[in-house]
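Inside the fold
Read off the chains here:
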Amino acid sequence: AKNAGRNRFSYFTAALQKASQKRSQLINDLRDALSTKQFVLHYQPIIKLANGAIQKAEVLLRWCHPKRGWISPAEFIPLAEESGIIIEIGNWVFREAVQEVKFLRATGHPEFQISINKSPIQFCSHSLFFQEWLPYLKQLDLPAECLIIEITEKLLLEMGEIGTSKLLALRDAGIQIAIDDFGTGYFSLSYFKKFDINFLKIDQSFVQNSVDCLNDMVLCEAIITLAHKLGLKVIAEGVETIEQHKLLSAAGCDYGQGHFFSQPVTADILRRM
Ligand code: C2E
Ligand code: CA
Ligand code: CA
Ligand code: CA
């Protein structure tokens, strides 16, 4: 029995070692991914429910690994954050996305907005991103309102004073703020006063249960009412069915995003939509 225990132990250590080797290998691969152009941006249209117009899109990062193929951001973003590489990646995402919004605004969509995701560490003390961002927008002759920054409730909670002041500076400059995955974290009502938020994105878990679960439907409606009273717009995430679409429209939701309207697509496809 003693031996079996030891075998099991060494089995687990081996498995753990393997997992940690895989992680550090991926972190190494991440370092090369930018310079060798392994990242691609996809864009998911955000639809105005009242008329079906596409006026915004969320930027979603894709990594095509030379050996492993497509790796989900849910897997590699945490590694990029942990290793600090997210700073460089995030700046690349910003520049690419802003060039795309420049193109869209110049070709028949003068009000187009691009929505990008931000990680907590991109707001940390040594990241100087916003000092580069505003001049870059200026250089491209783009107004700050072309950009929405999506931040999670968790990020707002974890952001220290430096992060908070950076976010406020971006907001002052005219960049818009959306609260991502709204309803799943630790949102404090005081954030509404502090940050002058523009959009709430209702998390897809509420949206998807709203049809079958009365509580989730009531929550969606309550979020929409609260947001509107405060002068915010609401984006419903993960809309997959016509029933969800109808329910959200009836509740007065402003925008929808999800497979019912469109999967995330390449820039080429977005331009033709
Ligand atoms: P998120 O910001 O909540 O993004 C929405 C996710 O829901 C995306 O997954 C999107 O493809 C997926 N989705 C969209 N419509 C539907 C739908 O109708 N049904 C379902 N089931 N899913 C839908 P994705 O692309 O795998 O991204 C996962 C997460 O990775 C994102 O969650 C975001 O937190 C993070 N991420 C993606 N790109 C970036 C980036 O450039 N920077 C940072 N910091 N994080 C990113
Ligand atoms: Ca998001
Ligand atoms: Ca989300
Ligand atoms: Ca999410």
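Residues numbered from 1 in each chain as written. Chains lettered and ligands numbered in written order. Predicted model: local features only at pLDDT ≥ 70, side-chain atom pairs only at ≥ 80, totals over all residues. Heavy atoms only, no water.

**Some words on the site of ligand 1**
Lining the immediate environment of ligand 1, one finds 23 residues, of which Q44, R62, S119, E240 and H259 sit closest. A distance of 3.0 Å separates an oxygen atom of ligand 1 from a polar atom in the side chain of D180. In this structure, D181 approaches ligand 1 through a side-chain N or O atom, which is 3.3 Å from an oxygen atom. When ligand 1 sits alone it has 800 Å² of accessible area, and the protein chains cover 79% of it. Under a 2 Å grid-point criterion requiring more than half of the atoms, the pocket assigned to ligand 1 is the largest pocket. When contributions to the shell around ligand 1 are tallied by element, the ones reaching two or more residues are β2 (54-65), α2 (73-83), β6 (176-182) and α8 (204-209). Broken down by element, the shell around ligand 1 gets its largest block of residues, four residues, from β2. Partitioning the shell around ligand 1 into residue classes produces seven nonpolar, nine polar and seven charged. (Near = heavy atom within 4 Å. Polar contact = N/O pair within 3.5 Å; in protein donor to acceptor, adjacent residues only side chain to side chain. Areas by Shrake-Rupley, 256 points an atom, 1.4 Å probe, with all protein chains shown as cover. 1 Å grid on protein atoms, 1.4 Å probe; cavity = no way out; pocket = protein on both sides within 12 Å on 5 of 7 lines; lining within 4 Å. Sits in = over half its atoms within 2 Å of the grid points. Helix = DSSP H or I, 4+ residues; strand = E, 2+ residues; numbered from the N terminus. Nonpolar A, V, L, I, M, F, W, Y, C, P; charged D, E, K, R; others polar.)

**Remarks on the coordination of the calcium ion (ligand 3)**
Bound to the calcium ion (ligand 3) are the protein donor atoms D180 (OD), D181 (OD), E237 (OE) and E237 (OE), situated 2.2 to 2.4 Å from the metal. All donor residues of the calcium ion (ligand 3) come from one chain, and their arrangement in sequence is D-D-x55-E. A separation of 3.9 Å is found between the calcium ion (ligand 3) and the calcium ion (ligand 2), which share D180 as a coordinating residue. Of this pair, D181 sits in strand β6 while E237 is found in the loop between β8 (233-236) and α10 (242-250), placing the two residues 56 residues apart along the sequence. (Donors = N, O, S within 2.8 Å, 3.2 Å for Na, K, Ca; no water.)

**As for the layout of surface pockets**
By volume, the largest pocket amounts to about 920 Å³. Sorting the residues of the lining of the largest pocket by element identifies β1 (39-48), β2, α2, α3 (86-106), β4 (113-117), β5 (147-152), β6 and α8 as the ones contributing at least two each. A per-class count over the lining of the largest pocket returns 14 nonpolar, 13 polar and ten charged. Taken as a whole, the second largest pocket encloses approximately 160 Å³ of empty space. Residue lining of the second largest pocket: K22, Q25, L26, D29, D32, Q38, H65, P66, K67 and R68, and that is the complete set. When residues of the lining of the second largest pocket are assigned to their parent elements, the largest contribution, five residues, is made by helix α1 (residues 2-33). (Points joined across faces, edges and corners; volume = space filled by probe spheres on them.)

These values are about where atoms sit, not about what they do.
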